[in-house]
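Residues per chain, in single letters:
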Number of protein chains: 2
Amino acid sequence: MRITMIGSGNVATHLSAALKNAGHNIVQVYSRGMQNASLLAYHVGAEPVNDFDAITADTDLFIISVKDDAIIDVAAQLAGHRKLMVHTSGATDIGELMLITGYAGVLYPLQTFSKQKEVNFWEVPLCIEGADDDITFTLKQLGQTISNKVYEIDSLQRKTLHLAAVFACNFPNYLYHIAQQLLADNNIDFNLLRPLIKETADKVQGQLPSAVQTGPAVRKDGQTMQAHLQMLGDNAYLQNVYRLLSEGIMNMAKNGKTA
Amino acid sequence: MRITMIGSGNVATHLSAALKNAGHNIVQVYSRGMQNASLLAYHVGAEPVNDFDAITADTDLFIISVKDDAIIDVAAQLAGHRKLMVHTSGATDIGELMLITGYAGVLYPLQTFSKQKEVNFWEVPLCIEGADDDITFTLKQLGQTISNKVYEIDSLQRKTLHLAAVFACNFPNYLYHIAQQLLADNNIDFNLLRPLIKETADKVQGQLPSAVQTGPAVRKDGQTMQAHLQMLGDNAYLQNVYRLLSEGIMNMAKNGKTA
């Protein structure tokens, strides 16, 4: 397919590379900043543009990979070209795009991307949705050229997935940060914790989290929890986090959801 | 070394197997329940016992791998044998064991263990501490027969590590559980989230968590955060968790700790 990428962020970068690798033609890369447009365009052999007037209609698909609150503005500016348009947002309903064009869809890669870290795109779950069956079929075909894990997911399900991803990715990463800071404050190398972080994520690849929960809260080890709260004595915020999550773990255990 | 394992839980199981594989002689396995003692003893070629009177003094090392609040009782019962005794607890000061015997140490494997999941013990950080330099040396030698990552860690550092491990392992696993439940409530396959969980942990193997934080909170995307809180509308507990952790992420970003 001939594809135009609108945006040059983390998702745009990894998605463009995967599409290029699969043999698709990335025609243009648009970004507000010419430097960002050029950097990504160079990597995928596309023309960089930073002006909507310079965007060509000679393409099969516009992929809009910009901040959620800019999607509709961008779509409105591209609508005149009468080409298929998809966004890559977990939180944005397909209906918002359909206010602009009936030729609309969603291509949402459910992964956390950083420009500096490579990702095996074949393993990235790709959630697709089309405004009609033909579009859904087209997007499914396209998706299968870059991922082994293409799922048809409607907007409501996608919003749930996006929310769940905050709990499964953004919040755990922040808890890693807290752990790293606790060690740094005591001159302890974060490398000591890295294998634990990795194994914690590996364990739930084959099992449910509730079945592999460990730690003082699930054991109802009140003595250790009290000692931990005391160690956090000078930080009311961390005490609140500790109490709230421990409470949840104890309730989970009580409700019999652990093995 | 001739080693006697007191306990048959997750840590005792994985530690015994690693020691056996390294060529050490597991003399006896003690557990209050004969069935548990027998199961582990069988795997490591030891004699199972469920009675302290049946524990032989013909050993070089007692490894006490029981609940934190039972360590001292167990140690007191073994003290008469006058052999080296170590516990495997993150939260217990070596001083508690030294009230019973001067021939005391700690062997704390910093990993999350489940009986049903194999672990490459060579990659498990092993935190050791001895009541004196000779004991520290002995434990370091022993540790290096089963792990490439042996660290000398004093009791205060170990308590910090144990607390940090709760934030880096137990709490993230519980957040995975919340995510899985959100999906289950909407009939969405947890497999869609598993690659994200794995990648989130992989990303911090080479970088600091603050440098790879993603999600609505670090972007200060108030619209998405409001939408998420609304989706959690019927669950005040989850709203509290969402608010508290998002607040922390926004403060982290403000303090310039993100890339």
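Cut-offs applied
- Residue positions are given per chain, counted from 1 along the sequence in the order it is written.
- All chains are assigned letters beginning at A, and all ligands numbers beginning at 1, according to the order in which they are written.
- Residue-level local features of this predicted model are given only where pLDDT is at least 70; pairs of side-chain atoms are given and counted only at 80 or more, and the full residue set underlies all totals for whole chains, interfaces and linings.
- In computing side-chain values, all of the structure's heavy atoms are included and hydrogens and water are not.
- UniProt positions are given in the numbering used here, feature names are shortened, and annotations may be inferred rather than shown by experiment.
- Under the scheme used here, helices are H or I runs from DSSP no shorter than 4 residues and strands are E runs no shorter than 2 residues, and both carry numbers assigned from the N terminus.
- Each domain's limits were defined by an automated method or a database of domain assignments.
- Note on definitions: a residue-residue contact is assigned when non-hydrogen atoms from the two residues lie within 4.5 Å.
- Once two parts are joined, some of their accessible surface, as seen by a 1.4 Å probe, is lost; buried area is that loss totalled over both.
- A carboxyl oxygen of Asp or Glu within 4 Å of a side-chain nitrogen of Lys or Arg is what we treat as a salt bridge.
- Identification of polar contacts relies on pairs of N or O atoms within 3.5 Å, with a donor-acceptor requirement for protein atoms, meaning one able to donate a hydrogen and the other able to accept it, and with residues adjacent in sequence counted only if both atoms are side-chain atoms.
- Gly counts as polar in this scheme, as do all residues outside two lists: the nonpolar Ala, Val, Leu, Ile, Met, Phe, Trp, Tyr, Cys and Pro, and the charged Asp, Glu, Lys and Arg.

Draft legend 1. Fine view of the UniProt feature "domain: Pyrroline-5-carboxylate reductase catalytic N-terminal" (unreviewed entry) in chain A. Those places that UniProt annotates as "domain: Pyrroline-5-carboxylate reductase catalytic N-terminal" (unreviewed entry) correspond, in this numbering, to residues 2-86 of chain A. Taken end to end, residues 2-86 of chain A has its terminal C-alpha atoms 14 Å apart, with 36% of it in helix and 25% in strand.

Draft legend 2. Quick look at the domain arrangement of chain A. Residues and elements named next belong to chain A. Partitioning chain A into structural domains gives domain 1 (2-153) and domain 2 (159-254). Between the C-alpha centres of domain 1 and domain 2 there is a distance of 35 Å. The partner domain 2 presents five residues to the eight residues of domain 1 that form the contact. Of the roughly 540 Å² buried between domain 1 and domain 2, counting both surfaces, carbon and sulfur atoms make up 73%. Our count for the domain 1 to domain 2 interface comes out at one salt bridge. One salt bridge connects Asp 93 with Lys 159, and the closest N-O pair in it is separated by 3.4 Å. Along the contact surface separating domain 1 from domain 2 lie one residue pair in polar contact (both at pLDDT 80 or more). Residue classes in the side of domain 1 that touches domain 2 are distributed as five nonpolar, two polar and one charged.

Draft legend 3. Summary view of the interface of chain B and chain A. Listed as interface residues are 92 residues of chain B and, on the opposing side, 92 residues of chain A. Taking both partners together, chain B and chain A bury about 8700 Å²; carbon and sulfur atoms supply 68% of that area. At the junction of chain B and chain A, the tally comes to four salt bridges. The salt bridge partner of Glu199(A) is Lys117(B), with a shortest N-O separation of 3.2 Å. At the junction of chain B and chain A, the tally comes to 34 residue pairs in polar contact (both at pLDDT 80 or more). Ranked by the residues each element gives to the side of chain B that touches chain A, the list is headed by helix H6 (residues 155-185) of chain B, at 26 residues. Of the residues in the side of chain B that touches chain A, the class split is 49 nonpolar, 28 polar and 15 charged.

Draft legend 4. Structural context of the side chain of Glu129(A). Residue and element names in this part refer to chain A. Mapped onto the fold, Glu 129 is located in strand E7 (residues 126-130). For Glu 129, the side chain forms a polar contact with the side chain of Ser 155, separated by 2.8 Å. A polar side-chain atom of Glu 129 sits 2.7 Å from a polar atom in the side chain of Arg 158. For Glu 129, the contacting residues outside a window of four places in its chain are Ile 94, Gly 105, Val 106, Thr 136, Leu 139, Ile 153, Asp 154, Ser 155 and Arg 158.

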